[in-house]
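The primary structure of each chain is shown beneath.
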Amino acid sequence: MSDFGVTAISCTPSYFLHIIEKAKQLGYDFKKMKLRHGIFGAEPWTNEMRERIEKESGIKAWDIYGLTEISGPGVAMDCPARSGLHIFEDLFYPEVIDPETGEALPDGTEGELVISTLNKFGMPMLRYRTRDISVIVKGTCECGRTIRRIKRIDHRNDDMLIIRGVNVFPSQIEAALLTIPGVQPHYHIVVRRHGDLDTLEVQVELAPELFGDTIRSIETIQKKIGNAIKSIIGLAVTVTPVEPGSLERSMGKAKRVTDLRNNG
Ligand SMILES: [Zn+2]
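Reading the values: the criteria
Residues numbered from 1 in each chain as written. Predicted model: local features only at pLDDT ≥ 70, side-chain atom pairs only at ≥ 80, totals over all residues. Heavy atoms only, no water. Donors = N, O, S within 2.8 Å, 3.2 Å for Na, K, Ca; no water. Tetrahedral: all angles 85-135°; square planar, octahedral: opposite > 155°, others 65-115°. Buried < 20%, exposed > 50% of the residue type's maximum accessible area, 1.4 Å probe, protein only. Domains from an automatic or database assignment. Contact = heavy atoms within 4.5 Å. Buried area = accessible area lost by both parts, 1.4 Å probe. Salt bridge = Lys/Arg side-chain N within 4 Å of Asp/Glu carboxyl O. Polar contact = N/O pair within 3.5 Å; in protein donor to acceptor, adjacent residues only side chain to side chain. Helix = DSSP H or I, 4+ residues; strand = E, 2+ residues; numbered from the N terminus. Nonpolar A, V, L, I, M, F, W, Y, C, P; charged D, E, K, R; others polar. Pairing = 2+ DSSP bridges. Right-handed = clockwise from strand over helix to strand, strands pointing away. Axes fitted to C-alpha atoms, helices over the stretch in contact; angles between N-to-C directions. Parallel < 35°, antiparallel > 145°, perpendicular 65-115°, else oblique. Left-handed = near helix turned anticlockwise from the far one by under 90°.

### A short note on the coordination of the zinc ion
Then, number 1: At 2.1 to 2.3 Å from the zinc ion lie its protein donor atoms, namely Cys79 (SG), His86 (NE2), Cys141 (SG) and Cys143 (SG).
Then, number 2: Around the zinc ion sit four donor atoms; with metal-centred angles ranging over 105 to 115°, the donor geometry is tetrahedral.
Then, number 3: Within one chain, the residues donating to the zinc ion are spaced in sequence as C-x6-H-x54-C-x1-C. His86 matches Cys79 in its accessibility class, with the two residues each being buried.

So, in structure tokens, the structure goes:
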């Protein structure tokens, strides 16, 4: 594999994690391969996930944004400055709106990204609501481009879970998990309702060396994970460490949440 001339790959970040894992199992060393760049998109992912991918694979991870309804990938992409994704304004007209009222918000304000296409024939889109939450950033970027940027998208309107009156995004849990060494970037969130109380369970894979550890050290890391999540979302959650490789791997967009509240 190290002789392949492939230097770049494009897929979802969760699928690339699956590739990293498989490569490790098969004994390939990513750092000896020619692969240098990964262009990842099609699902919300955090900066912490980007750091983890770069550390584990030795490649540069770039963020690309797009939607099937608009053009597929390539509506916006980040640059080496990493201060937002440049939106290709000659092709797309971006706006940010208040998702509740539909009112357009000024640049620099967080809201739902809405896109109109400027050069599409046949199926033009006017003020298409993306459900993605972002901020439009104007001004010249460090890289020299003057087109506006959108802040990296790590959550969507329809990702939001309301747990005991608190708004929780899976990306907040991802960010908390990945600050802890030995926690793998594979997790799943299960929401349940017991009586009137909503509960949140975070199943997370630990590194094999940690998973094989004593019960006491697993409990310590479990507590650490619980505290890290609580410090971000303000809610106590149940942390369930699971065996490495046991959570379902995604070949496309990752499914991070199972919400059992409506069916018991
Ligand atoms: Zn730039």
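There is more to say, and it comes next.
### Overview of the domain arrangement of the protein
By a widely used convention, the size of an interface equals the accessible area lost when the partners come together.
Then, number 1: The domain architecture assigned to the protein consists of domain 1 (8-157) and domain 2 (160-259).
Then, number 2: Between domain 1 and domain 2, the residue contacts involve 17 residues of the former and 20 residues of the latter.
Then, number 3: On the domain 1 side of the interface with domain 2, the three residues burying the most area are Glu48, Met49 and Arg52, jointly 30% of the side's total.
Then, number 4: Run the count over domain 1 and domain 2 and you get one salt bridge.
Then, number 5: Between Glu21 and Arg249 there is a salt bridge whose closest N-O contact spans 2.6 Å.
Then, number 6: For the pair domain 1 and domain 2, the number of links is eight residue pairs in polar contact (both at pLDDT 80 or more).
Then, number 7: Looking at the side of domain 1 that touches domain 2, the elements with two or more residues in it are helix H1 (13-25) and helix H2 (47-57).
Then, number 8: Looking at the side of domain 1 that touches domain 2 element by element, the count peaks at five residues for H1.
Then, number 9: Across the side of domain 1 that touches domain 2, the residue classes break down as five nonpolar, six polar and six charged.

### Let's talk about the pairing of strand S1 (residues 8-11)
Then, number 1: Here S1 runs beside strand S2 (residues 37-40); their pairing, made up of four bridges, is parallel. Counted as the bridge partner of Cys11 is Phe40 from S2.
Then, number 2: On the question of chirality, the crossover connecting S1 to the parallel S2 by way of H1 is right-handed.

### Digging into the packing of H1 against H2
Then, number 1: Interhelical geometry of H1 versus H2 gives an angle of 25° and a closest axis separation of 11 Å. Considered as vectors, H1 and H2 are oriented roughly parallel to each other. Viewed along their axes, H1 and H2 form a crossing whose handedness is left-handed. In contact with Pro13, Phe16, Leu17, Ile20 and Lys24 of H1, H2 contributes Met49, Ile53, Glu56 and Ser57.
Then, number 2: Residue classes in the contact of H1 with H2 are distributed as six nonpolar, one polar and two charged.

### Observations regarding unusual backbone geometry
Then, number 1: At Arg82, a position not held by glycine, the phi torsion is positive, near 50°.
Then, number 2: Its identity is not glycine, yet Arg127 carries a phi of approximately 50°, on the positive side.
Then, number 3: You can see Arg127 is positioned in the loop between strand S8 (110-117) and strand S9 (128-137).

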